[in-house]
Amino acid sequence: MKVYTPDNVRNVVLAGQSGGGKTTLADGTLFVSGAVSRFGKVADGSSVFDFELEEHARRSTVFSTAGFAEWRSHRITILDTPGFADFFGSVSGPLNVAEGVALVISAVDGLEVQAERAWEMARKKGLAGLTFVNRMDVDRADFASHFDSIRQRLHITPVALCIPIGASETFQGIIDVLRGKALKFDANGKPQEEEIPADCQAACEAARESLAEAAAEGSDELLEKYLDGQTLSEQEILSGMRTAIQEGKVMPVLCGAADKGIGVSCFMDAVIDFFPNPNQLPPVEGHKANSEEAISVERSTTGPLAALVFKTVADPYVGRMTYLRVFSGTVKSDSEVFNAKAGQKERIGQLFQMQGKENNPVASASAGDIVAVAKLEHTNTGQTLTSEAPGLILEPPTYPRPSMWLAVRPKTRTDEDKMGSGLRRLVEEEPSLQHYREHETGETILAGLGDVHLHSAIDRMKRKFGVELETATPRIPYKETIRSKATAEGKHKKQSGGAGQFGVAEIEVEPLPRGAGFEFVDAIVGGAISGKYIPSVEKGIRDRMARGGVSGYQLTDFRVRLCDGKEHPVDSNDISFQMAGRLALEIAVPQASPYLVEPIMDVDITIPDDNIGDVIGDLNSRRGRVLGTEPLGGTQVVKAQVPLSEMYRYSADLRSMSRGRGSFQMEFSHYEEVPAHLAEQIIAESKKDKDSS
Ligand SMILES: Nc1nc2c(ncn2[C@@H]2O[C@H](COP(=O)(O)OP(=O)(O)O)[C@@H](O)[C@H]2O)c(=O)[nH]1
Ligand SMILES: [Mg+2]
């Protein structure tokens with residue numbers, strides 16, 4: 001592999017709505033730059049980037065994939081990402097390891113929510129951005145209106161680097177605004193310069209003027225020159241634009257038809273001309289191992305090693321493949337590094353530069369490089385590798401939180417044995433998936449970003465790790481409690497044959513405040529039951545509680561006082577008093593006005609201003625209580641409390657209510673009484689389940 005100095009390296013993420021043409025643009029760069037001899041296509045499964053079986057089946061990207069093109073003596077590493085909301089977790093890692101993001105949008109549909117979300121994340125990380133308006137050749141393609149929407153939706157000034165010549169069936173090529181040339185492209189995506197058609201002259205001049213104005217934003221010196229009425233040179237425009245882009249003041253906009261190779265070379269030129277090289281950005285943030293002390297790591301090939309793991313693939317045959325980005329220093333193949341988070345040394349075998357699924361061995365990787373390595377033992381996504389202990393920890397990527405849950409269980413005995421390790425590997429590959437055991441219900445829960453996300457994970461479990469799972473709607477951990485006091489006597493007596501059994505326990509039950517749980521009080525006076533049998537009574541009561549009260553759901557928030565009882569000198573034993581305790585509780589609870597309580601969640605919903613009415617109306621229909629709203633940036637955060645049972649499909653419903661722009665987080669708050677009419681239904685269903693199982 002050729003060695004590039006950081007000046008000649010660019011790392012760029014492609015992000016935006018599914019179907020915009022990100023993967024096609026990525027394949028286009030490989031083809032037009034000559035890295036591959038055939039233009040890979042998503043539709044026929046020949047794409048270098050969409051190479052996984054799942055991607056072939058969906059004809060769309062599911063995972064982030066790295067590839068690279070060599071253009072004008074530069075190496076451009078491209079990180080293609082999925083555009084579908086359920087797979088948004090795979091966008092975080094790449095945005096943490098590149099210097100620029102290209103939002104690829106369809107000239108028909110324009111900017112959509114995934115591009116907005118990616119842009120928001122990218123700006124937090126200080127990335128430079130550009131927009132590529134793709135699919136200019138299709139029906140109803142429209143450059144101008146999408147160009148204007150960038151200002152409103154991304155809150156940044158768009159600047160055209162290219163303007164289209166024609167649109168839809170008349171789309172023939174583009175005008176390179178900076179160089180003042182019309183470009184037509186041959187079948188290999190190679191540009192041929194032509195004079196600008198007469199009817200495009202005025203548009204080109206106006207665009208060139210905007211470009212100069214935007215570049216003037218880059219420095220006071222340029223601004224002065226511009227205001228003075230002087231013409232800025234090509235070099236001045238380039239340098240002014242670079243600064244203005246980096247500062248998030250302007251966003252260059254290009255256009256083309258990636259699958260015809262139109263505009264692909266302009267895209268690569270723009271990445272080289274306008275995006276920073278990997279060592280140009282400010283130092284990356286981190287902290288010392290074993291301490292909170294912040295440190296910033298200089299981006300430089302000469303410093304000590306600091307590399308961030310941004311992706312892990314669990315391959316059943318090859319083992320784990322770990323993707324890393326070096327921010328400082330150099331890592332060599334066949335060397336040893338240190339992982340501070342794991343507190344372990346790690347052996348680095350052969351390093352690879354990835355071209356889709358193809359691994360190209362490389363001797364080393366330096367600051368700015370993105371490489372992969374097989375079979376690391378201790379290192380997970382988000383962790384940092386350094387040259388030696390004690391090491392440091394770079395800020396890990398943050399992932400969208402799960403908003404959809406499924407209960408999963410193994411299909412067969414063999415699946416049962418493999419389920420745990422399968423789930424672990426699945427989550428390792430995709431940090432926006434989570435799995436845990438819900439101890440209230442005893443179910444194993446798989447959580448993710450939506451239905452499609454979860455089901456694709458379950459399919460992958462089967463395909464990659466050979467584990468078949470069955471799924472169900474997660475059970476709601478309802479509980480039962482009591483409203484009033486009651487007393488009861490539990491009498492256990494057995495005298496047929498052999499040794500007898502005898503125990504009597506008299507108890508009083510009374511409600512406790514919500515959340516108090518269970519209390520057992522020994523109020524026996526005068527030794528009516530021997531001290532050694534008191535724990536037996538308590539055990540019997542606790543066992544019965546867990547098996548559920550009248551409704552079949554676990555009992556909670558009440559106190560049992562053991563007031564009196566009787567024992568027999570010969571027949572009494574531990575078991576007899578356990579039985580007596582059980583019976584007493586069984587008799588007492590129905591007399592104490594039992595009722596059902598349900599978990600209530602604190603829910604924070606982030607939505608654009610114009611959806612607020614719909615979202616609040618919908619929360620009301622879910623028995624939710626809106627506590628208030630707070631503005632946050634250009635959006636609103638609605639704070640509410642909603643019963644968990646009403647939240648199961650919320651992820652999908654919020655998505656459709658807000659056209660994908662809303663998101664929410666929730667966590668457990670407290671238990672509350674279930675309205676009577678619903679309680680009846682819930683109890684009936686729980687009984688039916690118990691009878692059938
Ligand atoms: N007509 C036309 N089709 C395109 C263009 N770019 C991509 N496509 C097609 O649009 C579909 C979606 O493209 P893809 O690259 O998978 O989009 P992604 O989801 O953003 O990665 C594929 O069938 C492409 O062949 C284009 O510029 N013009
Ligand atoms: Mg794609």
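Residues numbered from 1 in each chain as written. Chains lettered and ligands numbered in written order. Predicted model: local features only at pLDDT ≥ 70, side-chain atom pairs only at ≥ 80, totals over all residues.

**Examining the sheet that holds strand S24 (residues 392–394)**
Our working definition: Paired strands are those between which DSSP finds at least two bridges. Helix and strand labels come from DSSP, where a helix needs a run of H or I of at least four residues and a strand needs a run of E of at least two; each type is numbered from the N terminus. In this analysis an axis means a line fitted to C-alpha atoms, helices contributing only their contacting stretch, and an angle means the value between N-to-C directions, from 0 to 180 degrees.
With antiparallel pairing, three strands are arranged side by side in an open sheet as S13-S12-S24. Among the strands making up the open sheet, the edge pair consists of strand S13 (294–297) and S24. On average, each strand axis in the sheet is tilted by 40° relative to the strand beside it, whichever way the strands run. Summarising the sheet, strand S12 (residues 284–288) and S24 pair through three bridges and their orientation is antiparallel. Within S24, the residue paired with His287 across the bridge is Ile393.

**Digging into the sheet that holds strand S30 (residues 486–494)**
Rules: For every residue pair, C-beta atoms are placed from the backbone, and the pair is scored as a contact if these atoms sit within 7 Å.
Pairing in this open sheet of four strands is mixed, and the strands run S30-S31-S33-S32 from one edge to the other. Strand pairing shows two members of the sheet lacking a second neighbour, S30 and strand S32 (518–522), which therefore form its edges. For this sheet, the mean inter-axis angle between neighbouring strands, taken without regard to orientation, is 25°. As paired elements, S30 and strand S31 (residues 501–511) share nine bridges and run antiparallel to each other. The residue bridging Lys494 from the neighbouring strand is Gln501, located in S31. Set on the sheet, helix H12 (residues 534–547) makes contact with S31, S32 and strand S33 (558–566); between it and S32 the angle comes to about 155°.

**Topic: helix H13 (residues 574–591)**
Here is the rule we go by: Given the number of residues in a helix, its expected span is that number minus one, multiplied by 1.5 Å. Remark: C-beta atoms are placed from the backbone, and a residue is labelled buried if 20 or more other C-beta atoms sit within 10 Å of its own, exposed if 12 or fewer do, or partly exposed between those counts.
With 18 residues, H13 should reach 26 Å at 1.5 Å per residue; the first-to-last C-alpha distance of 27 Å fits that figure. Looking at H13, one finds that the buried residues are Ser576, Phe577, Gln578, Met579, Ala580, Gly581, Arg582, Leu583, Ala584, Leu585, Ala588 and Val589. Among the structural elements, strand S29 (479–482), S30, S31, H12 and strand S34 (594–608) are those in contact with the buried residues of H13. Residue Ser593 follows H13 closely and has a positive phi angle near 50°.

**Section: the nonpolar core**
This is how the line gets drawn: Buried Ala, Val, Leu, Ile, Met, Phe, Trp, Tyr and Cys residues whose C-beta atoms connect them within 7 Å together make up a nonpolar core.
Ranked by size, the top nonpolar core spans 144 residues in total, and within it Val101, Ala118, Cys162, Ala215 and Leu254 carry the most contacts. Those residues within four positions of Cys162 in sequence are excluded, and the remaining contacts are Ile174, Ile175, Asp176, Val177, Leu254, Cys255, Gly263 and Cys266. Residues Val504, Ile529, Val537 and Ala588 belong to the second largest nonpolar core, which totals 24 residues.

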